[in-house]
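A look at the structure
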Amino acid sequence: MKHNPRFRWLRRTVVMLLLAAATQVPAATAARAAAPAPVPGELKPHSISAAYTAGVSSGGYMATQLHVAYSSAFAGSAVFAAGPYGCAQGDLYRAQYACMKTYEDLRLDALERTTREWSAQGLVDPVANLAGDPVYLFSGSGDSTVERPVADALASYYARFGARVRYDDTTGAGHAWISPLGPNPCSVTRSPYVNACGIDAERDLLGHLTGSVHDPAPAPTGRLVRFDQNRHVPGGSAAAVSMDDSGFLYEPAACADTSTPCRLLVALHGCKQGYSYQGFGTRFMDTAHLDEYADTNHLLVLYPQAAPTTTLDNPNGCWNWWGYLGDSAYARHDGRQIEAIMNMVRALGGGSGGDGDGDGTEPPSPATTLALPSVDAQDGYVKAAPDGSGAAVGTLETVSGLALGRGGDGKDNRTLLSFDTSRIPAGKEVVRAYLTVARAGGSGDPWAAPAGNRLLLDVRTGCFGASCTTEAADWSAAASVPAAAELPAFSSGSRTSTDLSPAALAALDRTGTTQLRLRFASPQPSAAYVFLATSPRPALTVEYR
């Protein structure tokens, strides 16, 4: 049989690209204090309260594939530097030139249509499950490996299914996982592909996926369990599907008692970051900044491992997002790597739902969603000096909107929003709540002054002042739950906050009014502010069972 000349040319081109992009990986070095050494063990059932996926590059594609294929098992996903589900359509050429570079149209309409068709055929879980799921996305302007329009398409893809997308596209990051422990400068693309960009992306992604999180531990104190992946791969051979013999699980001390409810995060490395890739070892796990949060937030972190092939099919140890080694089901149920990872999730006690092979526990009843618009007559903003002196009610709401940040008059603006939370039915358990606002205008970037500034939401049971109408004393009045959520930076359109913390959910006044106060954590050194729109009204979305 003659070989297709186009395929020979493509194969040579791809191999040259892979070799040109390869960087020699130095021996693994200690990247954080007291990184736990792997200890041999097995995956044992835990009490998994919720499961999520996360990944970078090829691991980002796999994180989305897992989330979409098994949306009844995973409650959300976080993706760095990757594109939409099914982008490659089983074609290596498209993977390179539509899903990394932008020489070809990635055909988003067709990807959506395929997803819906597969859902109708039972090849992936019902797409209705994706509605309301939190999804965190990251793309840096310095990423020339997976270009910005490809990551934009992932945000658009999820939005078509009603997911709650938080998209950080504000840095000049290269192609990398972003972490405060990253040994690389923000803008570069080089091994170990973990960059520090002056932000805590793990706080952001975990906050969006699970709600407000506790501060990370200074150093991990749990166990890094090294387990045999062969036991979980269909057919019993990890190498046959380009996976490593070894996988890893970070188990914090708080989850050592397997009856204690803990969340599960499946964290997927990118190409050239696997344990067996040229001696890379545990560098991704050591610098991802997930284990530190796991220690303080009842979180198990599963680190499955891909491995390079000795052939040209997958020399860089990427996860399968284009159908290598003849796996035509790579992005859906029965995909070899997907099923291997799902078997690991099920072994840990997660994965109920999916294709019916879960842990046998009854899933919770569906949540009902209630959108509460803010009360116009009670909303407003208050301005004061950074120390709170000279507070006064702002007067530009009807002209410009609700002010936040430092205005041209040198005053620090804070916004008050009121909600009639008595509309939440009595006897129902509130399981999630978040705020959605729209931007009306502004000047400068108040989130960048000072660098890493955060827009926080304080919650007050009832009203901050003697009445619910905005008054000067609201600027510094005590909150029932301070810093209960965070509103990420945005320059246009609307934005959704992270989920309110459990304490804030408990503080919602089920008999009357609940007020939110929006404030920046640090005063801006010079004028930098944003106006929130009053039409559409800010909305507090509450989910209850």
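Up top is the structure these notes are about.
What counts and how
Residues numbered from 1 in each chain as written. Predicted model: local features only at pLDDT ≥ 70, side-chain atom pairs only at ≥ 80, totals over all residues. Heavy atoms only, no water. Helix = DSSP H or I, 4+ residues; strand = E, 2+ residues; numbered from the N terminus. Contact = heavy atoms within 4.5 Å. Pairing = 2+ DSSP bridges. Axes fitted to C-alpha atoms, helices over the stretch in contact; angles between N-to-C directions.

**Remarks on the environment of Asp458**
Tracing the sequence through the fold places Asp458 in strand S18 (residues 455-461). Distance from Asp458 to Ala253, taken between C-alpha atoms, is 31 Å for residues 205 residues apart in sequence. When near neighbours in sequence (up to four residues on either side) are disregarded, Asp458 contacts Phe464, Ala479, Val481, Pro482, Ala483, Gln515, Leu516, Arg517 and Arg519.

**Side note on unusual backbone geometry**
Of the consecutive residues Ser191 and Pro192, the connecting peptide bond is found in the cis state with omega at 10°. Structurally, the position occupied by Pro192 is in the loop between strand S6 (177-178) and strand S7 (194-195). Cis peptide bonds are those with omega within 30 degrees of zero, and the linkage from Ala449 to Pro450 qualifies with -10°. The residue Pro450 is located in the loop between strand S17 (430-443) and S18 in this model. Despite not being glycine, His289 shows a phi value in the positive range, around 65°. Tracing the sequence through the fold places His289 in the loop between helix H7 (283-287) and helix H8 (291-296). Although it is not a glycine, Leu325 sits at a positive phi angle of roughly 55°.

**Side note on the sheet that holds strand S11 (residues 299-303)**
Reading across from one edge, S1-S8-S9-S11-S10-S2-S3-S4-S5 is the order of the 9 strands in this open sheet, with mixed pairing throughout. Each having just a single partner strand, strand S1 (38-40) and strand S5 (164-168) make up the two edges of the open sheet. Within this sheet the neighbouring strands show an average axis-to-axis angle of 20°, counted without direction. By the bridge criterion, 5 bridges tie strand S4 (residues 134-138) to S5 in an arrangement that is parallel. For Pro134, the partnering residue across the bridge sits in S5 and is Arg164. Where helix H2 (residues 58-69) meets the sheet, its contacts fall on strand S2 (47-56), strand S3 (77-80), S4 and strand S10 (261-268), and the angle it forms with S2 comes to roughly 140°. Helix-sheet contacts for helix H9 (residues 336-347) involve strand S8 (223-228), S10 and S11, and the interaxial angle to S10 is about 160°.

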